[in-house]
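Take a look at the letters that make up each chain.
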Amino acid sequence: FTIQANKPTATVAPTMWGIFFEDINLGADGGLYAELVKNRSFEFDAPLMGWKINSTKDVMYGFYFGSALQILNQPDKTATNPRFIRVTLQHTKKGELGLTNEGFRGMGIKKDLRYNFSVLYRQQTAKAKLHVALVTEKGDTLASSVLAPAQTDNRWHKGELSFTAKATEPKAKLQLWFEGNGVLDLDMISLFPTDTWKGRKGGLRADLVQLLADMKPGFIRFPGGCIVEGRDLAQRYQWKKTIGPLEDRKLIINRWNNEVQARPVPDYFQSFGLGFFEYFQLCEDLGAAPLPILNCGMACQVNTAELTPVESLDPYVQDALDLIEFANGSQETKWGRLRADLGHPAPFQLTMLGVGNENFGSPYLERFKVFQEAVKKQYPTIKLVGSTGLLSAGEVFDTTNVALRKLNVEIVDEHNYSVPQWFLQNAKRYDTYDRTSKTKVFVGEYAAQSVGMTDLNNKNTWRTALTEAAYMTGLERNADIVQLASYAPLLAHVDGWQWKPDLIWFDNLSVMPTPNYYVQKLYATNKGSVVVPMLYKNSLPATGQDSLYASATIDKATQELILKVVNTADKAQSAEIKLEGVKKIAPTANVLTLRHNSLEAENTFLSPRVVIPAETTLPTQPKAIQVELTPYSLTIIRVKLS
Ligand code: AHR
């Protein structure tokens, strides 16, 4: 190889390597959002889904020795959260009448950790008590306490208690027993661990956020994905319904509930406990640029493919304008004021906004233009991200892409899921890409599929990760046009997934980063600020010759040269790297290697460290590096320039 360190070809955008978060595979509810109670507000389609009544009698609709549990529905009073449970007690003793919540595939409970239980209650007399307990699958008690609701003005109040678990249990349940007399209305029955990210009450799962933080993502694209589109437009994602008091965030069915192509998940709903305020806050925590995607008036093509007529797009466009004001507006504005009232007076620094997810063709373009005109008129500096759909769609993908460029859209969002071979062949995709327009590229969703797209047998093999690493050399080399890229999907619960492969697997207690995760992390944490040519055999970039793929950057802040080389051969290869345009380099380089002898290797919960990065050092010459590239490896070399 020859590095031409004094001939930079592109600036690497700070946003280059980021993450795409979608509530798929229990990514939010049951995942990142640390709420342990499923269907806390009884708003799932079946109001008692996730709940079990503890009683030997049928107490739902009738009275059992004067006691009863009834789900009442009052949409005229509370449109966003109309249902609650009415508990009627008459000399009821502990153990006679109660409820158990099963959690999202159980509740992961940790020994010695404190848990916060809360509930909204309403009553006229204070004669009822709630015995609250965490129990194992077998019914052994892990923690317990008693709540005696005190307010009697027949308005909603919050009751809270906390307790510490005496043992670890992966599939615990929350058990409530009622005792006493009177009528007690309950809603928003909730349980959170106290070890959330940054210790925020009602916050996010710290172990998952930590993995994201470790990636140092340049941006976060949220909230989807297909859930932006919804099965139909009534079930689309609407950001305004995801902020403010939790009980006012109107729950909807998740578009991945009962997904036909994959595994049925009938209990998949969106509580929006992780809503737009929390997304912006997460971006800020992680130092990532926020990239929200909004519905453009089109429902998911796999479902209803419902369209809002172009002349009726106003509410959609208004949502976009209001979102920009919510993120960036001063406290003098309506939405900026609301952001401040929610606890964030400073702006969230929104610079990009996506219009539509995976929408394409003339129906999309017609609608995109309406958004573009309105947004640009009011917020000319906001960069719009236009959707081109799936690369596999072929002609319509290309024509949409070309049309968006003609509209001078700042960024086009390209999605691609394909077999590993595609990623190798397309390491040079952007070398010859259209550079006649100013439009930049966001590779918004990509992942190598070990078997095939949406195949349930897909795996996060080392083969998939290695081929993605090879492909990413091409993204980096073409950083003049590729300015953002993110793997998809990000998270998957082992007992609640719909889509494979995924970047990070988790269960109720632990997390399992895949080889693909380490590839993403290594790229993002070894980014560099300018691209420099890395020629193979003195002529072309390495895009598969002798099974090698490579790219080079310089980090101007640290004055380091950063080289990435992927060897997809089953044999070791010696590489001599000559450095032009440098005075000399430090005598020792740092080397990070991700490798495995088997392309079928995977990380698992039992063996999570099968494919993980290793760090070593390497002696160098003043203007050359000699390195042994192990079979099937990604090697990253960092060396100081002087
Ligand atoms: O990442 C999973 C899905 O793939 C996304 O929701 C959608 O945008 C794409 O088709």
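Rules and cut-offs
- Residues numbered from 1 in each chain as written.
- Predicted model: local features only at pLDDT ≥ 70, side-chain atom pairs only at ≥ 80, totals over all residues.
- Axes fitted to C-alpha atoms, helices over the stretch in contact; angles between N-to-C directions.
- Helix = DSSP H or I, 4+ residues; strand = E, 2+ residues; numbered from the N terminus.
- Left-handed = near helix turned anticlockwise from the far one by under 90°.
- Contact = placed C-beta atoms within 7 Å.
- Nonpolar A, V, L, I, M, F, W, Y, C, P; charged D, E, K, R; others polar.
- Pairing = 2+ DSSP bridges.
- Buried ≥ 20, exposed ≤ 12 C-beta atoms within 10 Å, placed from the backbone.
- Arc of directions from axis to C-beta.
- pLDDT = per-residue confidence, 0-100.

1. Digging into the packing of helix 4 (residues 314-328) against helix 6 (residues 361-378)
So, step 1. For the pair helix 4 and helix 6, the least separation of the axes is 10 Å and the interaxial angle reads 35°. The hand of the helix 4/helix 6 crossing is right-handed. Contacts from Val317, Ala320 and Leu321 in helix 4 reach Val370, Phe371, Ala374, Val375 and Gln378 in helix 6.
So, step 2. Of the residues contributing to the contact of helix 4 with helix 6, the split by class is seven nonpolar, one polar and no charged.

2. What to know about the sheet that holds strand 28 (residues 540-541)
So, step 1. What the five strands build is an open sheet, ordered 28-27-1-31-34; its pairing is mixed. Looking at the sheet topology across the chains shown, the edges are occupied by strand 28 and strand 34 (624-629).
So, step 2. Strand direction decides the pairing type here: strand 27 (residues 534-536) and strand 28, joined by two bridges, are antiparallel. Within strand 28, the position partnered with Tyr536 by the bridge is Leu540.

3. A look at helix 1 (residues 206-214)
So, step 1. Listing the buried residues of helix 1 in full gives Leu208, Leu211 and Leu212. The buried residues of helix 1 occupy one face: seen down the axis, they fall within an arc of 100°.
So, step 2. The first or second residue beyond helix 1 is Lys216, which carries a positive phi of 50°.

4. A look at the confidence of the model for the protein chain
So, step 1. For the protein chain, per-residue confidence averages 96 on the pLDDT scale, and residues scoring 70 or more make up 98% of the total.
So, step 2. Averaged pLDDT values over the elements of the protein chain bottom out at 92 in strand 5 (residues 68-73) and peak at 99 in helix 10 (residues 515-524).
So, step 3. We note a pTM of 0.97 for the whole complex and an ipTM of 0.99 for its interfaces.

5. What to know about the sheet that holds strand 26 (residues 530-532)
So, step 1. Spatial strand order, 2-26-29-30-35-32-33: seven strands in an open sheet with antiparallel pairing. Sheet topology places strand 2 (10-11) and strand 33 (614-619) at the edges, where each strand pairs with a single neighbour.
So, step 2. Bridge count between strand 26 and strand 29 (residues 548-555): three bridges; the pairing is antiparallel. Bridge pairing links Val532 to Ala552 in strand 29.
So, step 3. Across the sheet, helix 9 (residues 462-477) lies against strand 26, strand 29, strand 30 (560-567) and strand 35 (633-640), angled at about 50° from strand 29, the strand it touches most.
So, step 4. Strands in contact with helix 10 are strand 32 (588-595) and strand 35; relative to strand 32, the strand with the most contacts, it is inclined by about 155°.

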